[in-house]
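# What the coordinates show
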Amino acid sequence: MLDGLSTAGLSTGCRHGVPWYVAHLGGALLAALADVDRPLSEGFADALERVAAMHPTCDLNDPGTPSATVAILRHKNEVLEHLVLADSPIVLEGPEDFSVISDLRVDEILPELRAEVESHQTHTPGHREALQRLVLAQRQLRNTPEGYWVAAAHPDAAQHSLTGTTPIKDVRSAAVMSDGVSRLVTEYGMATWSDVFATLQVGGPRELIENVRTIEATDPTGLRWPRYKSGDDAAVAYCQW
């Protein structure tokens with residue numbers, strides 16, 4: 001699961017853009033991780049390096065260079081391997097409970113600017129200006145020890161991923177999703193993980209995303225749930241064993 005970071009209308013130093021970056025990183029990751037004996041972080045670093053080599057004339061040192069969150073779940077023998085970088089979570093359904101694997105380091109920085117964005121209704125000049133100030137400040141802390149880490153132009157970001165394994169016998173099903181879906185639970189509080197997985201089992205990702213959009217439509221300007229956008233990119237991969 002890759003979720004491109006918003007540019008908030010600001011320059012990136014790249015003539016290709018975020019959708020191009022996400023598409024090429026996805027392909028490079030599939031190729032790099034086809035060998036299940038290769039560590040996820042090693043294959044991820046190789047994919048970052050390959051994509052950077054595809055657009056060397058762009059300014060890859062620009063702090064706003066196209067970037068993305070990454071969440072990878074791979075079945076290898078008797079375990080599930082995971083890698084998460086930034087806030088696209090992996091949720092595992094066990095026999096009795098749910099485990100959420102997510103990297104929320106971005107939420108720990110710049111709380112004053114985040115609060116300023118959330119003080120404005122979406123689709124207003126004040127909201128747009130506050131969001132640009134936040135994104136500009138985030139860019140200065142992106143992929144630094146003082147800030148948070150995302151997939152961008154340099155392979156060293158891969159070493160800051162959260163990685164681990166879970167025995168396959170302990171997992172009934174799993175969902176890898178963008179935060180545009182997980183906010184149904186984490187930000188809106190309009191469902192539990194049990195609700196989410198029940199919807200996925202019966203109606204699949206499409207029905208779950210439709211539920212998110214229906215709820216967001218009741219609060220289009222962010223009065224009830226202050227947020228950066230009325231609705232964020234939403235995607236889910238659902239797996240059952």
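Up top is the structure.
In this report, we go over the structure that sits alongside the text. Worth saying up front: this structure is predicted, and the values here are computed from it rather than measured.

### Overview of the packing of aromatic side chains
This model, assessed by the stated rule, comprises three aromatic pairs. Aromatic pair Tyr188 and Trp225: ring centres 4.8 Å apart, planes at 40°, arrangement tilted. A residue pair is termed long-range when its members are at least 10 positions apart, and Tyr188 in the loop between helix H5 (179-186) and helix H6 (193-217) and Trp225 in the loop between H6 and strand S8 (236-240) qualify at 37 residues. There is no split in this pair, since Tyr188 and Trp225 are both buried.

### Concerning the sheet that holds strand S6 (residues 162-167)
Reading across the sheet, the four strands line up as S1-S2-S3-S6 and stay open at both edges, with antiparallel pairing between neighbours. Among the strands making up the open sheet, the edge pair consists of strand S1 (2-4) and S6. The average angle at which neighbouring strand axes cross in this sheet is 10°, direction not considered. As defined by bridge partners, S1 adjoins strand S2 (residues 68-76) across three bridges and the pair is classed as antiparallel. Bridge pairing in S2 links Asp3 to Thr69. Those strands touched by helix H2 (residues 40-54) are S2 and strand S3 (79-85), and its axis lies near 45° from that of S3.

### Some remarks on the pairing of S2
For S2, a buried count of seven out of nine residues is recorded, marking the element as mostly surrounded by other parts of the structure. As paired elements, S2 and S3 share seven bridges and run antiparallel to each other. Bridging across to S3, His75 finds its partner in Leu80.

Procedures and definitions
Residues numbered from 1 in each chain as written. Predicted model: local features only at pLDDT ≥ 70, side-chain atom pairs only at ≥ 80, totals over all residues. Heavy atoms only, no water. Phe/Tyr/Trp six-rings, centres within 6.5 Å; stacked < 30°, edge-to-face > 60°. Helix = DSSP H or I, 4+ residues; strand = E, 2+ residues; numbered from the N terminus. Buried < 20%, exposed > 50% of the residue type's maximum accessible area, 1.4 Å probe, protein only. Pairing = 2+ DSSP bridges. Axes fitted to C-alpha atoms, helices over the stretch in contact; angles between N-to-C directions. Contact = heavy atoms within 4.5 Å.

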